[in-house]
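Structure assessment
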Amino acid sequence: MSRSASVRTVRIAAGQGFWGDWLEAPHRQVTGGPIEYLMMDYLSEVTMSIMQKQKSRDPALGYAKDFIPLMERILPTLVERRIKVTANAGGVNPQACARAIAETARRLGLGGKVKIGVVSGDDLLGRLDGLLARGHELRNLDTGRPLSDVRDRVLSANAYLGAGPVLQALAQGADIVITGRVTDTGLTLAPMMHAFGWQPDDWDRLAAGTVAGHTIECGAQCSGGNCLVDWDRIPDLANVGYPIVEALPDGTFDITKHPRTGGRITVAGVTEQLVYEMGNPAEYITPDCIADFTTIRLEQAGTDRVRVSGVRGRPATDKLKVSVAYFYGYKAVGTLVYAWPDAYRKAKAADRILRQRLLDLGLDFGEMLTEFVGADATHGPLALASTPPDDLPEVQLRIGVRSPDKAAVERFTREIAPLILNGPPSATGFAGGRPKPEEIVAYWPALIDKQLVEPCVELVDA
Amino acid sequence: MKKKADRRTGGRADGDPRRKVLLLELAHARSGDKGDTANVGLIARKPEYYPILVKHVTAARVARHFKGMIKGKVERYELPNLKALNFLLHGALDGGGTISLKTDAQGKVFSTALLRMELEAPR
């Protein structure tokens, strides 16, 4: 049933689903069969603030550093096979990321053969005070509070750009497009708009490209990874094939993968990915359009091939989402493992003793959470109700605290190990040492008028 | 003493109508996060199970199921085209992502916790 790839088909392969995804995947995607584009998604809310921190220490950093060796490995193949790349690996410093790629290309003797597009303009950190002064309050979408509440603790602020500037870079001849905070879906939609000449108000097709992007943005999560349905019959996950969108100009597309790879692409598995991180399915809002996920039609069109059609879209809003990261406080998590007999009761006793000691020290934590891993950490009271914990072979006591007071969190971390010798018996598993207090970076989702954000596209020759 | 529930044989969907059936038999699921909200997409294993899910797995029922585990309300959306329901569990993640002290800070396994639900006579 699989249709032969013609000029009218464009193939976009997912190479990374997050910063830290499988390093082998991009290489396998560019060598395992024909593709035109390699899409790599690196950014989440947490990564932006990590990158901002790195950039504040060294102005040459602030992007996904491991993207460079990964590109070094595949650049010769990209050039030879004329495969283009869209990646938001640029983080808070896409220019530096592009320079590093250009240097790598020159070192490989590919100077003059690679054009790099750089998309920026998403970074609002330097403009925040001006925006606030002009009455743009950047109110928190969840709490309704104005950003001025936490302004002095802000670490990064980025607007989510859409497919537009990526498309512009491709139109100007970029082979590799490195972006800052471009939406995950925009990285897949832009190549489709570029290949098919879709207009920015062709809402149904833009919505289709957005659904395609959502389907492959988490890498193997739509091709057999983290798939619950018949999970133990999914073949050869060791050799899992990452997904490929085979798109047609009319907005229909197939989700497939290279031949001779593991994993599985079925309607059930693709459906799992479609509902992942879903809000109101009729209103999947991106900078490019509003996609209606209740219009998606799925059909098994062959082995490891799911056809997606019928997607409807509506006009984009006049806002962009902004993600602000700010310093929130400190946290630490300590663990100990208790062995049979009475593992659960011992862990519970240790928790009571620890809490008593923290109280006696006068340490009051705003938040403190105890979980018993092996008994209730993932399913809470639902698990305890169906599986009596009395006879478990082992239970991990896991206690976390959170506070604006670093000294209090620090003191807490010193109260775990003593329990091994001065608490309930049969505790072990402390080889990792004392937990470290960790800075908490929290997120502040807000909206900003689209017209206030000006995406910037530059081209760099390698 | 509580009777240990059997994970797999709570009853078949197409079996004795009077028996209870574990939601795991009728559906599969995936969950994720948006801030302090976990979402659970619940997908019928067969198209004919979808009306059962719509009828029995209501927002109110899910809120009862997760009593003590979530602080906010439960919203439900229907995707008949995908034979799926999407639930938003507000206040489920102890503040969410980076703030949360929970093992499951990003709500990755709320999906399987929902599948523990037992339904009465879904015929």
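These numbers were taken from a predicted model, which means no experiment stands behind them.

**Topic: the overall build of chain A**
- If you tally the helices and strands in chain A, you get 13 helices and 19 strands.
- In terms of overall size, chain A behaves like a compact globule, its C-alpha atoms giving a radius of gyration of 25 Å where 462 residues would be expected to give roughly 23 Å.
- Seen along its three principal axes, the alpha-carbon backbone of chain A occupies a region of about 70 × 55 × 45 Å.
- Sorting the 462 residues of chain A into buried and exposed places 50% on the buried side.
- Counting only contacts in chain A whose residues sit at least 6 apart along the sequence, the fraction spanning at least 24 positions is 76%.

**So, the overall build of chain B**
- Per the secondary structure count, chain B includes 4 helices and 6 strands.
- Taken over 123 residues, chain B has a buried fraction of 50%.
- Put simply, of all contacts in chain B between residues at least 6 apart along the chain, 54% involve residues at least 24 apart.

**Some points on helix 9 (residues 267-274) of chain A**
- For helix 9 of chain A, a buried count of 7 out of 8 residues is recorded, marking the element as mostly surrounded by other parts of the structure.
- What helix 9 of chain A keeps buried is the set Ala268(A), Gly269(A), Val270(A), Thr271(A), Glu272(A), Gln273(A) and Leu274(A).

**Examining the sheet that holds strand 2 (residues 27-34) of chain B**
- A sheet is described by the order of its strands in space; here 4 strands give the open sequence 2-3-5-4 (chain B), paired in antiparallel fashion. A single partner strand is all that each edge strand has here, and the edge strands are strand 2 and strand 4 (74-79) of chain B. Averaged over neighbouring strand pairs, the angle between their axes works out to 20° when direction is ignored.
- Where strand 4 of chain B lies against strand 5 (residues 84-89) of chain B, 6 bridges are found, and the strand directions are antiparallel. Of the residues in strand 5 of chain B, the one forming a bridge with Leu79(B) is Ala84(B).
- Against the sheet, helix 9 of chain A makes contact with strand 2, strand 3 (37-44) and strand 5 of chain B, and its axis sits at roughly 160° relative to strand 3 of chain B, the strand it touches most.

**Some remarks on the nonpolar core**
- In terms of nonpolar packing, the biggest core is built from 158 residues, with Val166(A), Ile178(A), Val324(A), Ala27(B), Leu42(B), Leu89(B) and Leu114(B) touching the most fellow members.
- The element contributing the most residues to this core is strand 14 (residues 319-339) of chain A, with 8 residues.
- Lining this core are residues from two domains, each supplying at least three of them: domain 1 (10-122 + 160-317) and domain 2 (328-443) of chain A.
- Residues Ala343(A), Ala375(A), Leu397(A) and Ile416(A) belong to the second largest nonpolar core, which totals 16 residues.

**A look at the interface of chain B and chain A**
- Taken residue by residue, the interface counts 34 residues in chain B and 46 residues in chain A.
- When contributions to the side of chain B that touches chain A are tallied by element, the ones reaching two or more residues are strand 2, strand 3, strand 4, strand 5 and helix 4 (110-114) of chain B.
- Ranked by residue count, the leading element in the side of chain B that touches chain A is strand 2 of chain B, at 6 residues.
- Of the residues belonging to the side of chain B that touches chain A, the class tally is 13 nonpolar, 12 polar and 9 charged.

**Notes on the confidence of the model for chain A**
- Averaged over all residues, the pLDDT of chain A equals 95, while 98% of them reach at least 70.
- In the model, residues 1-6 of chain A has pLDDT below 50 throughout and makes 7 contacts with residues more than four positions away in sequence or in other chains.

**Looking at helix 3 (residues 67-81) of chain A**
All names here are of chain A.
- In a regular helix each residue adds 1.5 Å, so 15 residues correspond to 21 Å; helix 3 covers 20 Å between its end C-alpha atoms and thus fits that length.
- At Ile74, helix 3 shows its strongest bend, of approximately 50°, with the proline Pro76 following within four residues.
- If you check which residues of helix 3 are buried, you get Phe67, Leu70, Met71, Ile74, Leu75 and Leu78.
- Buried residues in helix 3 make contact with helix 1 (24-31), strand 3 (84-87) and helix 4 (94-107).
- Directly beyond the C-terminal end of helix 3, a positive phi value near 55° is found at Arg82.

**A look at unusual backbone geometry**
Residues and elements named next belong to chain A.
- In this model, Trp340 is joined to Pro341 through a cis peptide bond whose omega is 5°.
- Within the element layout of this structure, Pro341 appears in the loop between strand 14 and helix 10 (343-360).
- Unlike most non-glycine residues, Asn226 shows phi in positive territory, near 45°.
- Structurally, Asn226 is set in the loop between helix 8 (203-216) and strand 7 (244-247).
- We note that Asp304 has phi near 55°; this positive angle belongs to a residue other than glycine.
- Note that Asp304 resides in the loop between strand 11 (297-302) and strand 12 (305-309).
- In this structure Asp304 comes out as buried when scored by C-beta crowding, with 24 C-beta atoms within 10 Å.

**Examining the sheet that holds strand 3 of chain A**
All names here are of chain A.
- Spatially, 10 strands are ordered 11-12-8-7-1-2-3-6-4-19 in an open sheet, and the strand pairing comes out mixed. The two strands at the open ends of the sheet, each matched to only one other strand, are strand 11 and strand 19 (456-461). Taken pair by pair, the neighbouring strands of this sheet meet at an average axis angle of 20°, ignoring direction.
- Sheet analysis places strand 7 next to strand 8 (residues 253-256), joined by 4 bridges and oriented antiparallel.

**Here's the deal with the environment of Thr256(A)**
Residue and element names in this part refer to chain A.
- You can see Thr256 is positioned in strand 8.
- A count of 24 C-beta atoms within 10 Å places Thr256 in the buried class.
- The sequence separation of Thr256 and Lys65 amounts to 191 residues, and the corresponding C-alpha distance is 29 Å.
- In this structure Thr256 touches Ile244, Glu246, Ile265, Asp304 and Arg305, once residues within four positions along its chain are discounted.

So, how was this worked out
Residues numbered from 1 in each chain as written. Chains lettered and ligands numbered in written order. Predicted model: local features only at pLDDT ≥ 70, side-chain atom pairs only at ≥ 80, totals over all residues. Helix = DSSP H or I, 4+ residues; strand = E, 2+ residues; numbered from the N terminus. Rg over C-alpha atoms; globule rule 2.2 N^0.38 Å. Buried ≥ 20, exposed ≤ 12 C-beta atoms within 10 Å, placed from the backbone. Contact = placed C-beta atoms within 7 Å. Pairing = 2+ DSSP bridges. Axes fitted to C-alpha atoms, helices over the stretch in contact; angles between N-to-C directions. Core = buried A, V, L, I, M, F, W, Y, C linked by C-beta atoms within 7 Å. Domains from an automatic or database assignment. Nonpolar A, V, L, I, M, F, W, Y, C, P; charged D, E, K, R; others polar. pLDDT = per-residue confidence, 0-100. Expected span 1.5 Å × (residues − 1). Bend = angle between axes of the 7 residues up to and from the residue.

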